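Structural characterization, general
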Amino acid sequence: MEKTTLKYLQMHTDIEKVINQLNPALLDREQGKFIDILNGKRRELLPAWLFVEAVEQAPVAISITDKKANILYANQAFSDVTGYSIAEIIGKNESMLSYKATPRHVYYDLWHNISRNKTWYGRLINRHKNGDPYLADLTVAPMQDSLKNITHYLGMHRDISDKFRVEKKLQNQKLLIESVINASSVAMVVLDQNDQVVLDNLQYKTLFSDLDHAEPIRLFLEILSSELGDIRTYLAQNPAGFNNYEVRIDSAAKHHPLWFACSAKIFQEKNAEATGFFEESSENYVLLSISNITKQRQHQEEIYLQSLKAMLAEEEQIRSIRETLLGTIHQVSQPLNQIQAAIHLMQQKKQQGALLDLLKQLEDSCQQTVSTLNHCIPEIAPTAITSINLNHILQEVMKLSNKKFLSNGIVVDWAPSPTLPNILGAENKLRMMFKQLIDNAITALNQGHQPDRNIMIATKLHNDRVIVSISDTGPGIPKQQHSKVFQPFFTTQKMGGVQAGMGLVMAKEIAHQFNGTIEIDSEYQDGCRFIVGFPMINENDYDRFDE
């Protein structure tokens, strides 16, 4: 075995330097063994032939060259990778492997580093013996003598053409997928388990400016979660996900709401970490697609508003008749009360005669008139109680009042909460209530002749109640009249009439029907501000109201 070792050392003396660099042990040339001197005692380590065989049989192509890159040694793996036999390659220059497709600056960088005693790592395009190119992952390290002078170079390389081909295919597929996603007219975003964006497309990026939000997906998740519950829980219970779920977003920056159709599905990705090699694991991702359907909804709303105008006009006519009749009954009831008081007084004094008979006839006539008028009051058809977003109702009322705003030179400042919880109520009644409040604001501005003709409408959530404030820059209402304006037939308008004074009574009645409140903000100094509040929807509330 020692003769075999000496033979290897004599044939490949340059490998000694490799071995010495791999192990600090001293080489006993005569015995062909590696020894370690510890405390002055010689201790045999591994025999030298084992290190030589390790280099010979290494699965990595290894070569040793002189300072001019002439090959002095190559192992079997080198022959397997290049296609050249050992005899064909010994004495030849490494440049014979070049395919002449590697840029010059790569070779410059290689020699610049190794000539300065630095190891170089990189990739070269080499030529196989059959003429085919292959991509070599190369490491070149300088070898030094005891004086730190470079004597040889050690090269190790692997053919990574297949790996490169797979990587490029994956990159191409990724680019293809990204191109398809970016070409889509639908915004797409992929969320990891922490709801962080890991992939999006160009359409999603446009939402940043459209919604004026730092991260649009947070806004969508908040709205969807308020209506569907936790999105991941919902998707876990519904593997098919959901499609075209419509989401409305109101913004002070936009004069109209934005509508989006959202679809979501959960999918799994296999864990690519090293820990998942033997025990496969996966992570859940959410794919959310968002399509802007604002134009379609605007067209639908235009048609809907036309029918809504007709319906509200009819309802306003009915309410006007009711208010007229109620006002008439109120006017008739005043003399009736006086007649009844007079009859009661005469009866107490036991007075008889033609005057008492006349008063009784007038009493009967007035009561018949009141009874007839009560029978003539038209009934308002009951409306269903549903889950309602007040932003939607207010937007509809503002659109219905748009001509009044324009004709009176009024600027409307709309400041909605983009994520407003729903309440329980009847749509038509709530429309009438808010329309009454807005009409009051318009009337106040026309009476005050203020230079600033503004109406501010805002919504927010406060203490589990949905709050709507409607403010105007008119002359305001004196504090001593704040409670009186909600009394029947009381009006602050200069011109009265039988139809005046019931609007706020109706508004208060509607608010109370749905467990709401309506009041005048006594702290507001720039005009008048009505504050309306309703409890946010609760599952137990569906049975609370009866029409």
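Here goes a summary of the coordinates provided.

1. Focus on the overall build of the protein chain
Scanning the protein chain from N- to C-terminus turns up 16 helices and 20 strands. By residue count, 39% of the 547 residues in the protein chain fall in the buried class. A sequence separation of at least 24 residues applies to 58% of the contacts in the protein chain between residues at least 6 apart. When the accessible surface of the protein chain is split by element, carbon and sulfur atoms take 52% of a total near 31600 Å².

2. What about a nonpolar patch on the surface?
There is a patch of nonpolar side chains on the surface, built from Leu355, Leu358 and Leu362 and spanning about 270 Å² of accessible area. As for its placement among the helices and strands, Leu358 is situated in helix α12 (residues 354-376). A relative accessible area of 44% places Leu358 in the partly exposed class.

3. Overview of the layout of surface pockets
If you add up the space inside the second largest pocket, you get close to 840 Å³. Among the secondary structure elements, those contributing two or more residues to the lining of the second largest pocket are α9 (216-228), β11 (242-249), α11 (294-348), β14 (386-388), α13 (390-400) and α15 (427-448). For the lining of the second largest pocket, the leading source of residues is α13, giving five residues. Partitioning the lining of the second largest pocket into residue classes produces 15 nonpolar, eight polar and 12 charged.

4. Regarding helix α6 (residues 104-114)
Looking only at α6, the buried set comprises Val106, Leu110, Asn113 and Ile114. Around the axis of α6, the buried residues are gathered within 90 degrees of arc, so they sit on the same side. Facing away from the buried side of α6 by over 90 degrees, the exposed positions are Arg104, His105 and Tyr108. Its buried side turned inward, α6 meets β6 (120-127), β7 (133-144) and β8 (150-159).

5. Observations concerning the pairing of strand β20 (residues 528-535)
Most of β20 sits out of view: six of its eight residues are buried. Inspection of the sheet shows strand β18 (residues 465-472) paired to β20 by eight bridges, in the antiparallel sense. In the sheet register, Val466 faces β20, and the bridge partner there is Phe534. Inspection of the sheet shows strand β19 (residues 517-520) paired to β20 by four bridges, in the antiparallel sense. If you follow Ile518 over to β20, its bridge partner there is Val532.

6. Considerations on the nonpolar core
Counting residues in each nonpolar core, the largest one holds 39 residues, and the members touching the most others are Leu390, Leu430, Met433, Phe434, Ile455 and Phe534. Those elements that provide at least two residues to this core are α13, α15, β17 (454-462), β18, α16 (503-513), β19 and β20. If you tally residues by element for this core, the top one is α15, at eight residues. When near neighbours in sequence (up to four residues on either side) are disregarded, Phe434 contacts Leu390, Ile393, Leu394, Val397, Val468, Ile470, Val532 and Phe534. Counting 24 residues, the second largest nonpolar core, distinct from the first, contains Leu191, Leu207, Leu224 and Val286.

7. Focus: the pattern of salt bridges
Applying the stated criterion to the full structure yields 13 salt bridges. Among the salt bridges present, the one from Arg297 reaches Glu246, with a minimum N-O distance of 2.3 Å. Placement of Arg297 in helix α11 and of Glu246 in strand β11 is noted, with a sequence separation of 51 residues between them. One salt bridge connects Asp439 with Lys435, and the closest N-O pair in it is separated by 3.1 Å. In this pair, Asp439 and Lys435 are both assigned in helix α15, four residues apart and thus about one turn of the helix distant. An identical accessibility class is assigned to Asp439 and Lys435; each is buried. Among the charged side chains, a salt-bridge network with shared partners connects Arg123, Asp137 and Arg158.

8. Some words on the sheet that holds strand β15 (residues 411-415)
Overall, mixed pairing links the five strands, which are arranged β15-β17-β18-β20-β19 in an open sheet. Of all the strands in the sheet, just β15 and β19 have a single pairing partner and so form its edges. Averaged over neighbouring strand pairs, the angle between their axes works out to 15 degrees when direction is ignored. On top of the sheet, α13 reaches β15, β17, β18 and β20; it is set at about 170 degrees to β15, its chief contact. Here α16 sits on the sheet and contacts β19 and β20; the angle it forms with β19, its principal contact strand, is near 140 degrees.

9. Notes on the packing of aromatic side chains
Applying the stated rule across the entire model yields six aromatic pairs. Pairing Phe220 with Phe260 gives two aromatic rings, centres 5.2 Å apart and planes at 85 degrees, and the pair type is edge-to-face. On the criterion of sequence distance, the pair formed by Phe220 in helix α9 and Phe260 in strand β12 (residues 258-270) is long-range, its members being 40 residues apart. The pair formed by Phe220 and Phe260 is uniform in burial state, with each residue classed as buried. Of the aromatic side chains, those joined through ring pairs into one cluster are Tyr234, Phe242 and Tyr245. In this structure, Arg297 is placed above the aromatic ring of Trp259, and the distance from its NZ or CZ to the ring centre is 3.8 Å.

10. A short note on α13
Count 3.6 residues to each turn of an α-helix, and residues three or four apart come out pointing the same way. The buried fraction of α13 amounts to nine of the 11 residues, a majority that puts the element mostly inside the structure. For α13, the N-terminal cap is Asn389; the gap from its side-chain oxygen to the backbone nitrogen of Asn391 is 2.8 Å.

11. Regarding the sheet that holds strand β9 (residues 187-191)
Reading across the sheet, the five strands line up as β10-β9-β13-β12-β11 and stay open at both edges, with antiparallel pairing between neighbours. The open sheet terminates on both sides in strands that have one partner only, identified here as β10 (197-200) and β11. Ignoring which end each strand starts from, the neighbouring axes of this sheet average 25 degrees apart. Looking at chain direction, β11 and β12 are connected through six bridges and run antiparallel. Paired with Ile249 across the bridge in β12 is Leu258. The sheet contacts of α9 involve β9, β10, β11, β12 and β13 (282-292), and relative to β11 the element is tilted by about 105 degrees.

Rules used throughout
Sequence positions are assigned chain by chain, starting from 1 and proceeding in written order. pLDDT decides what is reported in this predicted model: residues at 70 or higher carry local features, side-chain atom pairs at 80 or more are listed and counted, and totals for whole chains, interfaces and linings draw on all residues regardless. Calculation of side-chain values draws on the structure's entire complement of heavy atoms; hydrogens and water are dropped beforehand. Secondary structure elements are defined from DSSP: runs of H or I of at least 4 residues count as helices, runs of E of at least 2 residues count as strands, and each element is numbered from the N terminus. Only protein chains enter the calculation, and the probe is 1.4 Å; a residue is then buried if its accessible area is under 20% of its type maximum, exposed if over 50%, and partly exposed in between. Should any heavy atoms of two residues lie within 4.5 Å, those residues are considered in contact. Only the protein chains shown count as cover for residues, and the accessible areas themselves come from Shrake-Rupley with a 1.4 Å probe. Patch membership requires more than 30% relative accessible area and the absence of a salt bridge. Residues of like charge join within 9 Å; the nonpolar side chains Val, Leu, Ile, Met, Phe, Trp and Tyr join within 5 Å. The salt bridge criterion pairs a side-chain nitrogen of Lys or Arg with a carboxyl oxygen of Asp or Glu, the two atoms within 4 Å. The pocket and cavity definitions rest on a 1 Å grid over protein atoms only: a 1.4 Å probe that fits but cannot leave marks a cavity, an open set with protein on both sides within 12 Å along at least five of seven lines marks a pocket, and residues lining either have an atom within 4 Å of a point. Grid points are joined across faces, edges and corners, and a volume is the space filled by probe spheres set on the points. Each residue gets one of three labels, nonpolar for Ala, Val, Leu, Ile, Met, Phe, Trp, Tyr, Cys and Pro, charged for Asp, Glu, Lys and Arg, and polar for the others, Gly among them. Directions drawn from the helix axis to the C-beta atoms are what define this arc. Two strands qualify as a pair provided that DSSP identifies no fewer than 2 bridges between them. To define a nonpolar core, start from buried Ala, Val, Leu, Ile, Met, Phe, Trp, Tyr and Cys residues and group those joined through side-chain atoms within 4.5 Å. Comment: axis = line fitted to C-alpha atoms, over the contacting stretch for helices; angle = value between 0 and 180 degrees taken between N-to-C directions. Note on aromatic pairs: the rings of Phe, Tyr and Trp (six-membered ring only in Trp) are paired at centre separations within 6.5 Å, and the planes decide the class, stacked below 30 degrees, edge-to-face beyond 60, tilted for the rest. By the criterion adopted, a ring carries a charge over it if an Arg CZ or a Lys NZ lies within 6 Å of its centre and within 35 degrees of its normal. The term polar contact refers here to a pair of N or O atoms within 3.5 Å; inside protein, the definition further demands a hydrogen-donor-capable atom paired with an acceptor-capable atom, and it admits residues adjacent in sequence only when both atoms are side-chain atoms.

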